[in-house]
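Results of the structural survey
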Amino acid sequence: MGRIILLLISLVALSIFSITAFWIGINDVTTINSIERLPILFSPARFIYLFIFVLFTSLFFYVWRAFTNRHTIFAITKSQMLLFVAACILQIAFLSAWHHELYMPACILFLLQLLSLFGLHMTYPFHKEYIHLRIPIAIWLGWNLFFLFIIISYMMVYYGWHGLGLSNALWVVITLTVGTATALHLRYHHFDRITPAVFILGYMGITIANGFDELFVSTASLFLCGVMLFGILFMEKKQKPA
């Protein structure tokens with residue numbers, strides 16, 4: 001029961017801090033406004049950030065399932081609890097550093113958070129009876145991976161990186177392609193349909209945000225959405241015979 005309490009406390013703290021950061025503001029600015037201060041093409045329409053409410057709903061369901069499964073073979077393990085709590089703490093620390101414009105420490109914290117989250121994701125076997133248990137974690141991982149590419153794009157603009165002579169639009173398309181490859185890697189090697197689905201949502205937001213002003217970026221986003229949709233439906237790694 002102590003593990004469930006720690007999960008719940010960590011999640012409540014993270015959800016309050018994140019919603020405050022994104023929609024109310026910390027240090028007189030919201031996370032969304034801080035991102036939109038710079039002309040970033042890899043940035044979705046504002047309404048896409050409402051997805052965090054879906055994310056936290058799924059995470060509270062994860063904690064509820066941990067409670068109901070506490071006396072079964074699906075009970076949450078000590079390592080899973082520690083990784084979950086670590087991911088929550090690191091994400092709170094990241095948001096705090098970001099809102100105080102400590103961008104490099106924030107990036108390090110976010111990468112550590114992603115490692116914790118990926119480690120938690122990997123603790124669930126790829127058997128069908130376990131897949132539903134990791135769906136909330138896959139949603140969290142998918143959203144944070146997508147947000148990682150927003151952060152990378154922000155840092156490139158913030159530090160005035162000129163992109164080796166390539167245009168901003170071309171670099172965004174390259175970033176979109178890398179993001180797609182990452183999502184499809186998880187789909188193929190880790191049987192994760194959720195992450196590419198989250199990326200599709202984010203890419204649709206990028207298409208809407210850029211519209212006809214950046215037609216190259218918008219077209220590439222839509223094309224890669226189609227690629228990921230194909231991967232969700234048809235990519236399947238063959239299981240090795242026992």
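Keep in mind the model is a prediction, meaning the values are calculated, not measured.

**A closer look at the overall build of the chain**
Tallying secondary structure elements over the chain gives nine helices and zero strands in all. At 18 Å, the chain has a C-alpha radius of gyration in line with the 18 Å of a compact globule built from 242 residues. Each principal axis of the C-alpha distribution contributes one length, and for the chain these read about 55 × 50 × 30 Å. For the chain, the proportion of its 242 residues judged to be buried stands at 48%.

**Description of the packing of helix H4 (residues 78–99) against helix H5 (residues 103–122)**
H5 packs onto H4 with a crossing angle of 160° between their chain directions and a minimal axis gap of 8 Å. Our classification of the angle between H4 and H5 gives roughly antiparallel. Between H4 and H5 lies a crossing of left-handed hand. Taking contact as the criterion, the partners of Gln 80, Leu 83, Phe 84, Ala 86, Ala 87, Leu 90, Gln 91, Ala 93, Phe 94, Ala 97 and Trp 98 in H4 are, on H5, Tyr 103, Ala 106, Leu 109, Phe 110, Leu 112, Gln 113, Ser 116, Leu 117, Gly 119 and Leu 120. Residue composition of the contact of H4 with H5, by class: 16 nonpolar, five polar and no charged.

**Thoughts on helix H8 (residues 194–210)**
Look at H8: 25 Å from first C-alpha to last across 17 residues, which is about the 24 Å you get at 1.5 Å a residue. Of the positions making up H8, those classed as buried are Thr 195, Pro 196, Val 198, Phe 199, Ile 200, Gly 202, Tyr 203, Gly 205, Ile 206, Thr 207 and Asn 210. Immediately downstream of H8, the backbone of Gly 211 shows phi near 50°, a positive value.

**Structural notes on the nonpolar core**
Within the largest apolar cluster, 74 residues are counted, with the highest numbers of intra-cluster contacts made by Phe 42, Phe 84, Trp 140 and Tyr 203. Looking at which element gives the most residues to this core, the answer is helix H6 (residues 128–158), with 15 residues.

**Overview of empty space enclosed by the protein**
Under the defined criterion, the tally for this structure stands at one cavity of 30 Å³ or more. When its volume is computed, the largest cavity comes out at roughly 90 Å³. Lining of the largest cavity is provided by Ser 18, Phe 22, Ile 52, Leu 55, Phe 56, Gln 91, Phe 94, Leu 95, Phe 110, Trp 143, Asn 144 and Phe 147. Listing elements by their share of the lining of the largest cavity, those giving two or more residues are helix H1 (2–24), helix H3 (51–68), H4 and H6. For the lining of the largest cavity, the class distribution of residues is nine nonpolar, three polar and no charged.

**As for a nonpolar patch on the surface**
Taken together, the side chains of Trp 23, Ile 24, Phe 47, Leu 50, Phe 53 and Ile 208 define a hydrophobic patch exposed on the protein surface, amounting to about 590 Å² of accessible area. By secondary structure assignment, the location of Ile 208 is in helix H8.

**Focus on the confidence of the model for the chain**
This prediction gives the chain a mean pLDDT of 92; 96% of its residues lie at or above 70. Averaged over each element, pLDDT in the chain is lowest for H6 (90) and highest for H4 (97).

**Focus on the pattern of salt bridges**
Considering all chains together, one arrives at two salt bridges under this definition. The shortest N-O distance in the salt bridge between Arg 46 and Glu 36 comes to 2.6 Å. Taken together, the residues Arg 46 in the loop between helix H2 (31–36) and H3 and Glu 36 in helix H2 connect sequence positions 10 residues apart. Residue Arg 46 is classed as partly exposed on the basis of its relative accessible area, which comes to 36%. The salt bridge partner of Glu 101 is Arg 37, with a shortest N-O separation of 3.7 Å. Taken together, the residues Glu 101 in the loop between H4 and H5 and Arg 37 in the loop between H2 and H3 connect sequence positions 64 residues apart. In this structure Arg 37 comes out as partly exposed when scored by relative accessible area, which is 44%.

Quick notes on the rules
- Residues numbered from 1 in each chain as written.
- Predicted model: local features only at pLDDT ≥ 70, side-chain atom pairs only at ≥ 80, totals over all residues.
- Heavy atoms only, no water.
- Helix = DSSP H or I, 4+ residues; strand = E, 2+ residues; numbered from the N terminus.
- Rg over C-alpha atoms; globule rule 2.2 N^0.38 Å.
- Buried < 20%, exposed > 50% of the residue type's maximum accessible area, 1.4 Å probe, protein only.
- Axes fitted to C-alpha atoms, helices over the stretch in contact; angles between N-to-C directions.
- Parallel < 35°, antiparallel > 145°, perpendicular 65-115°, else oblique.
- Left-handed = near helix turned anticlockwise from the far one by under 90°.
- Contact = heavy atoms within 4.5 Å.
- Nonpolar A, V, L, I, M, F, W, Y, C, P; charged D, E, K, R; others polar.
- Expected span 1.5 Å × (residues − 1).
- Core = buried A, V, L, I, M, F, W, Y, C linked by side-chain atoms within 4.5 Å.
- 1 Å grid on protein atoms, 1.4 Å probe; cavity = no way out; pocket = protein on both sides within 12 Å on 5 of 7 lines; lining within 4 Å.
- Points joined across faces, edges and corners; volume = space filled by probe spheres on them.
- Patch = residues over 30% accessible without salt bridge, like charges linked within 9 Å, V, L, I, M, F, W, Y side chains within 5 Å.
- Areas by Shrake-Rupley, 256 points an atom, 1.4 Å probe, with all protein chains shown as cover.
- Salt bridge = Lys/Arg side-chain N within 4 Å of Asp/Glu carboxyl O.
- pLDDT = per-residue confidence, 0-100.

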